[in-house]
Amino acid sequence: MKWLQQLTHAVIIAPSLPSGYYHHQSPLYRTNLKPNKSFNSLYSKSSLSLSNQTDSLPDQTTRPSFLQEIAALCETDNLTAALTLIQSHSKNATSLQAKEAIGLLLQACGNQKDIETGRRLHKFVSNSTHYRNDYVLNTRLIKMYAMCGSPLDSRFVFDTMETKNLIQWNALVSAYTRNGLYGDVVKVFMDLVSNTEFKPDNFTFPSVIKACGGILDDRLGEVIHGMVIKMGLVLDVFVGNALVGMYGKCGVVDEAMKVFDFMPETNLVSWNAMICAFSENGFSRESFDLLMEMLGEEGLLPDVVTVVTILPVCAGEGEVGIGMGIHGLAVKLGLSEEVMVNNAMVYMYSKCGYLNEAQMLFVKNKNKNVVSWNTMISVFSLEGDVNEAFNLVQEMQNQGEEMKANEVTILNVLPACLNKLQLRSLKELHGYSFRHCFQHEELSNAFILAYAKCGALNSAENVFLGIRDKTVSSWNALIGGHAQNGDPREALHLLFQMTYSGQQPDWFTISSLLLACAHLKSLQYGKEIHGYVLRNGLETDCFVGTSLLSHYIHCGRASSARVLFDRMKDKNLVSWNAMISGYSQNGLPYDSLALFRKSLFEGIQSHEIAIVSVFGACSQLSALRLGKEAHGYVLKALQTEDAFVGCSIIDMYAKSGCIKESRKVFDGLTDKNVASWNAIIAAHGIHGHGKEAIKLYERMKKVGQMPDRFTYIGILMACGHAGLVEEGLKYFKEMQNLNVVEPKLEHYACLIDMLGRAGRLNDALRLVNEMPEEADNRIWSSLLSSCRTFGALEIGEKVAKKLLELEPDKAENYVLLSNLYAGLGKWDDVRRVRQMMKEIGLQKDAGCSWIEVGGRVYTFVVGDSLQPKLAEIRVTWRGLEERISEIGYKPNTSSVLHEVGEEEKIDILRGHSEKLAISFGLLKTTKGTPLRVYKNLRICADCHNAAKLISKVVKREIVVRDNKRFHHFRDGLCSCCDYW
């Protein structure tokens, strides 16, 4: 807020400047003109400078017409005509006139990057005995070629000069610096100081210092800094600015700050360089502080460079408030129409999630350049808005020759090509690139990845084969393409081809392969890659180590992952997060929580990923108290605004039986995204609040949030649990008819479960046969469970046959079939199924319930005889049984699926785990305290009826979560309305 308030004040007091002010008056623009002035000032000191050649001053009556005509032609970019005029007047004009005319034209050729006219003029100069050895013209030739991007020609001019002075050396150094050939700058500088009597000056050093920053060699920069001090140039503002920039580029921010603080004279370039040093090295707050300090300096106003330096910092930090303040300041200072400023503002708003504002600025920009279009295309591409990204590319092509898509445009739009639907557009982009000879390696690699994502691996391989000099990045693109699109074996084969070709894989190569194996749960391939890593000594790489960790976690080998984790010498935040979340994903919540505590003890800053895993672990354990503690920790750490953290808190409370707390968290979210809506809809669904889930779904659409596949899973599940069959069918048809989301197997599973729960078994079976995909084990299991509920023997046997074909080694499937037979009294078939289980070696999971009391979790197993408090629990139950019998309780012996007598069945019912847990909870908690019991299996009809009546006689709420849903028992009623 401090920066925002100061910035607002600055905007208010900043003077409004006339249009075009910065083109003439800005300190930066004056500074940028200094090198030209400096050359002129050096020429004035030379014995051969133009101003000293008074013996050949032109006649005042002829000079204006010839030079003014040349100047006019240069201003109108008619350079060929200017050259012709110079050639035709060379004999008539005085020597000084011709030199000035040639100088004007060389400058114009450089500005227009017209190297052909420049070469013709160079030939004219070389053929003239008057001009070929002229210091000034040769210096301008060096500069012209540098401006045209041809430093080799600059070097040729320099080497052909018979004699040279410091000005030409400086010009060559500047030429290499301008074209980013920083290694050559250093070589020329070393040649200058070693083989000539010239001493570098305040025009030499800025270029050399910039070169040190370009090659990121701060040690060489320090040596040059020492030379500057010895030569007494350290107080020069241009040298100081270059030093600040160099240290900033090299990441030595402390040294940059020292130079800046000790500069006796600073200008706007100095402040911009220091702000840039902070921003490029992640010191965002310091960037903002320095900007505020600069605004307080008398006579200093931000310019284009200031604005385009600070706006990306706002984007990176998500500081849209400060960004808006900068926007306001730019408007006040007349900078907002500058194309660089407009592009930076579009980027800032888009990065901060303000897409409408970004698009509005782009549309209103009347001076768009290629960068403007590329920025906006990148915004839509990264947002996944494929159509808008391609529309902008097509619109860009209609803007004229100067606005055609370049390599950057193609690179920006390729990330939008994610599936087969974009394959045609991808081929069009490839054809365009081919026609325009875009052959940069980075672009080829991007095409390989894009083709792979679109499922065209053959096309990806063709692009790869077309690369003449394949680098590690090229191999990585193809290996990553195969690895991420379902062919890890081929990716592994390519790894061996890569090493055979002489290219050594890097961390990215190995990580891509391991990621693929993890997604496919290919443990064997992952082990082969692990072996390769060990043989080649790559296990010490942090990225490779974390990828191996993730692979073993995804393959369900948490113990192997922990061994790797413990061996890692340099554990980073990513590895801690991977291991904590890995335990949670593998159903090891206690280990996840223990490792999270250890990370805090070792001073590791908790990350949102770890926090989400902690809430997931609390959900698995139904550990409400731990979940509340974690919620408190998150509130203190100010992490509740993170969308994923917010969703995990909603989910934790919901799965702990506290739907009101879930709703409170949801209502308190400032920015509700699709994920948070999905979480609260699903939460109400598992609690049987189908109508409330529907209200939320409709409200979600009204506020403009588009439902996704998870939304429909949640709403279909909610309708299924609440018996709202017609509503569920309506939403399923909505998916199909509106093409909002293509129904997947999980959506059909919800619909079939809903129909099965409602007893519409024939409809459910018909849907199984008509749906586009083969039904999986979950669908058949759900259908068999419904057959058991409604005693549908014929359909049940057909379903069981399919289920046992898919999962012959899962005990639960045999138990469902056995229960179907038992419910119908077919005890011979029950014994046959149980014998099958015995022969296979399968054992039924015992019914288990648990309850949290005083921060501890107590577990009860059906028929448990080892509980230390068992006698007290049984006495409590007998007392409860007597009280509820008075208001209508009768043991439902049909819930006992054993061939025994009625009395024995009643005795078995008394030992059901949820009854033991409820009795224990009543023993150990104070009156009025809600009880929350969790069970691993579906609650039976007898326990369900008993829990309703117990809630009435003890006047408490009892919440039971079974393996399907939540039941809230209160005043003799259940939230499920006996529909479960």
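Numbering of residues starts from 1 in each chain and follows the order in which that chain's sequence is written. Local features in a predicted model are, by the rule used here, given only for residues with pLDDT of at least 70; side-chain atom pairs are given and counted only at 80 or more, and totals for whole chains, interfaces and linings are based on all residues. Excluded from the side-chain calculations are hydrogens and water; all other atoms, namely the structure's heavy atoms, are used.

Glancing now at the overall build of the protein. For the protein, the helix and strand inventory stands at 53 helices and six strands. In terms of C-alpha radius of gyration, the protein reaches 38 Å, well past the compact-globule figure of 30 Å for 980 residues. Overall size of the protein, expressed as C-alpha extent along the three principal axes, is 130 × 55 × 55 Å. Any residue under 20% of the maximum accessible area for its type is buried, any over 50% is exposed, and the rest in between are partly exposed; the area is computed with a 1.4 Å probe on protein chains only. Relative to its 980 residues, the protein shows a buried fraction of 51%. In what follows, a contact means two residues having at least one pair of non-hydrogen atoms within 4.5 Å. Looking at the protein alone, contacts between residues at least 24 apart form 63% of all its contacts between residues at least 6 apart. Accessible surface for the protein amounts to roughly 47,600 Å². Of this, 52% is attributable to carbon and sulfur atoms. Charge counting follows a simple rule: Lys and Arg are positive, Asp and Glu are negative, and His as well as the terminal groups are ignored. The atoms used to mark charge sites are NZ of Lys, CZ of Arg, CG of Asp and CD of Glu. Looking at charge distribution, the protein has the averaged site of its 104 positive side-chain charges lying 5 Å from that of its 107 negative ones. Secondary structure counts use DSSP, requiring at least four H or I residues in a row for a helix and at least two E residues in a row for a strand, with both numbered from the N terminus. Radius of gyration means the value over C-alpha atoms here, while the globule rule gives 2.2 Å times the residue count to the 0.38 power. Calculation of accessible area relied on Shrake-Rupley with a 1.4 Å probe; when residues are assessed, cover is drawn exclusively from the protein chains displayed.

Let's shift gears to the packing of helix α15 (residues 253-262) against helix α16 (residues 268-280). With their axes 10 Å apart at the nearest point, α15 and α16 run at an angle of 165 degrees to one another. By the criterion of interaxial angle, the relationship of α15 to α16 is roughly antiparallel. The way α15 lies across α16 gives a crossing that is left-handed. Counted together, Val253, Ala256, Met257 and Phe260 of α15 and Ser270, Trp271, Met274, Ala277 and Phe278 of α16 form the full contact between these two elements. Of the residues that constitute the contact of α15 with α16, the class distribution is eight nonpolar, one polar and no charged. In this analysis an axis means a line fitted to C-alpha atoms, helices contributing only their contacting stretch, and an angle means the value between N-to-C directions, from 0 to 180 degrees. Any angle from 65 to 115 degrees is called roughly perpendicular, while one under 35 is roughly parallel, one over 145 is roughly antiparallel, and all others are oblique. Should the near helix be turned anticlockwise from the far one by less than a right angle, the crossing is left-handed, and should it be turned clockwise, the crossing is right-handed. Think of it as three bins: nonpolar holds Ala, Val, Leu, Ile, Met, Phe, Trp, Tyr, Cys and Pro, charged holds Asp, Glu, Lys and Arg, and polar takes everything else, Gly as well.

Let's shift gears to α16. Helices are assigned an expected span. That span is 1.5 Å times one less than the residue count. With 13 residues, α16 extends 18 Å from end C-alpha to end C-alpha; this agrees with the ideal 18 Å at 1.5 Å per step. Most of α16 sits inside the fold, with 10 of its 13 residues counted as buried. Two or three places before Val269, at the start of α16, stands the capping residue Asn267, its side-chain oxygen 3.1 Å from that residue's backbone nitrogen. At the C-terminal side of α16, Gly282 shows a positive phi close to 85 degrees. Contacts described as polar in this section are N or O atom pairs within 3.5 Å, which, within protein, must combine one atom able to donate a hydrogen with one able to accept it, while residues neighboring in sequence count only if both atoms come from side chains.

A few words on the packing of aromatic side chains. Any two of the Phe, Tyr and Trp rings considered here, Trp counted by its six-membered ring, make a pair once their centres fall within 6.5 Å; the pair's planes then place it as stacked at under 30 degrees, edge-to-face at over 60, or tilted in between. Scanning all chains against the criterion turns up 21 aromatic pairs. Plain terms: the ring middles of Tyr697 and Tyr731 are 4.9 Å apart, the flat faces sit at 75 degrees to each other, and that makes the pair edge-to-face. You can see Tyr697 sitting in helix α41 (residues 690-702) and its partner Tyr731 sitting in helix α43 (residues 725-738), a full 34 residues away along the chain. Comparing Tyr697 with Tyr731, the two get one shared label, buried.

If you trace the backbone, Val237 turns up in helix α14 (residues 237-249). Val237 gets classed as buried once you look at its relative accessible area, which sits at 10%. Along the sequence, Val237 and Asn267 sit 30 residues apart, while their C-alpha atoms lie 7.7 Å from each other. The residues touching Val237, leaving out its near neighbours within four places in the chain, are Met263, Glu265, Thr266, Asn267 and Ser270.

A contiguous nonpolar patch, built from Ile229, Val234 and Leu235 and spanning about 260 Å² of accessible area, is present on the exposed surface. Mapping Val234 onto the fold places it in the loop between α13 (218-230) and α14. Residue classification places Val234 among the partly exposed residues on the basis of a relative accessible area of 31%. The residues that make up patches have over 30% relative accessible area and no salt bridge, and they are joined within 9 Å when like-charged or within 5 Å when they are Val, Leu, Ile, Met, Phe, Trp or Tyr. Counted as salt bridges are all cases of a side-chain nitrogen of Lys or Arg within 4 Å of a carboxyl oxygen of Asp or Glu.

What follows deals with the UniProt feature "domain: DYW" (unreviewed entry) in the protein. UniProt positions are given in the numbering used here, feature names are shortened, and annotations may be inferred rather than shown by experiment. Residues annotated by UniProt as "domain: DYW" (unreviewed entry) correspond here to residues 888-980. Between the C-alpha atoms that bound residues 888-980 there is a distance of 21 Å. The span itself is 38% helix and 17% strand.

By this definition, two strands are paired if DSSP reports at least two bridges between them. Overall, mixed pairing links the six strands, which are arranged β2-β1-β3-β4-β5-β6 in an open sheet. Sheet topology places β2 (856-861) and β6 (973-974) at the edges, where each strand pairs with a single neighbour. Here six bridges tie strand β1 (residues 848-853) to β2, and the two strands are oriented antiparallel to one another. Across the sheet, residue Glu852 finds its bridge partner in β2, namely Val857.

The next subject is the domain arrangement of the protein. Partitioning the protein into domains gives domain 1 (65-163), domain 2 (179-260), domain 3 (266-367) and domain 4 (848-974). Residue ranges assigned to the domains are those given by an automatic or database domain assignment. Here the C-alpha centre of domain 4 lies 99 Å away from the C-alpha centre of domain 1.

Over its 16 residues, helix α50 (residues 870-885) extends 22 Å from the first C-alpha to the last, a length consistent with the 22 Å expected when each residue adds 1.5 Å. If you check which residues of α50 are buried, you get Leu870, Ile873, Thr876, Trp877, Leu880, Glu881 and Ile884. Summarising the axial view, the buried residues of α50 lie within an arc of 140 degrees, below the 170-degree limit, and thus occupy one face. More than 90 degrees from the buried face of α50, the exposed residues found are Ala871, Val875 and Glu882. Residues of α50 that are buried make contact with β2, α51 (902-910), α52 (913-924) and α53 (941-954). In this description, the arc belongs to the directions extending from the helix axis to the C-beta atoms.

For Ser782, the location among the structural elements is in helix α46 (residues 777-790). Looking at Ser782, its side chain comes within polar contact range of the side chain of Asp753, at 2.7 Å.

All told, the structure shown has 33 salt bridges when counted by the stated rule. Between Arg910 and Glu881 there is a salt bridge, with the nearest N and O atoms lying 3.1 Å from each other. Remark: Glu881 occurs in helix α50 and Arg910 occurs in helix α51; sequence separation between them is 29 residues. Classification of Glu881 as buried rests on a relative accessible area of 9%. Residues Lys915 and Asp942 are paired through a salt bridge, measuring 2.6 Å at the closest nitrogen-oxygen approach. Remark: Asp942 occurs in helix α53 and Lys915 occurs in helix α52; sequence separation between them is 27 residues. Per residue, the accessibility class of Lys915 equals that of Asp942, and both read buried. Because the salt bridges share partners, they merge into one network encompassing Glu726, Arg760, Asp763 and Arg766.

Of note in this structure, Lys113 is not a glycine but carries a positive phi near 55 degrees. Its place among the elements puts Lys113 in the loop between α6 (95-112) and α7 (115-126). Backbone geometry at Cys437 places phi at a positive 55 degrees, although glycine is not the residue there. Mapping Cys437 onto the fold places it in the loop between α25 (423-435) and α26 (441-453). Judged by relative accessible area, Cys437 falls into the exposed class, the value being 55%.

Relative to the helices and strands, Glu914 resides in helix α52. The exposure class of Glu914 is buried, given its relative accessible area of 1%. In this structure the side chain of Glu914 is engaged in a polar contact, spanning 2.8 Å, whose partner is the side chain of Lys935. Once residues within four sequence positions are removed from consideration, Glu914 is found in contact with Ser849, Lys935, Ile939, Cys940 and Cys943.

With respect to the helices, strands and loops of the structure, Ala491 is situated in helix α29 (residues 488-500). Ala491 sits in the buried class, given a relative accessible area of 0%. The sequence separation of Ala491 and Gly183 amounts to 308 residues, and the corresponding C-alpha distance is 38 Å. Those residues in contact with Ala491, other than ones at most four positions away along the chain, are Ile479, His482, Ala483 and Leu513.

Here the focus is the environment of Asp776. Relative to the helices and strands, Asp776 is located in the loop between α45 (761-770) and α46. The buried category is assigned to Asp776, whose relative accessible area is 15%. Along the sequence, Asp776 and Tyr135 sit 641 residues apart, while their C-alpha atoms lie 84 Å from each other. If sequence neighbours within four positions are ignored, Asp776 has contacts with Leu745 and Leu806. Reaching out from Asp776, the side chain makes a polar contact with the backbone nitrogen of Ile779 at a distance of 3.2 Å.

To continue, consider the pairing of strand β3 (residues 931-935). When a strand is regular, its side chains alternate between the sheet's two faces. Burial runs high along β3: four of the five residues are buried. Taken together, the three bridges between β1 and β3 define a ladder with antiparallel strand orientation. Bridge assignment links Ser849 to a residue of β3, and that residue is Lys935. Bridge analysis of β3 against strand β4 (residues 958-961) gives four bridges, and the strand direction is parallel. Bridged to Val933 within β4 is Val960. A crossover counts as right-handed when, viewed with the strands pointing away from the observer, the path leading from the first strand over the helix to the second turns clockwise. Tracing the backbone out of β3, into α53 and back to the parallel element β4 gives a crossover that is right-handed.

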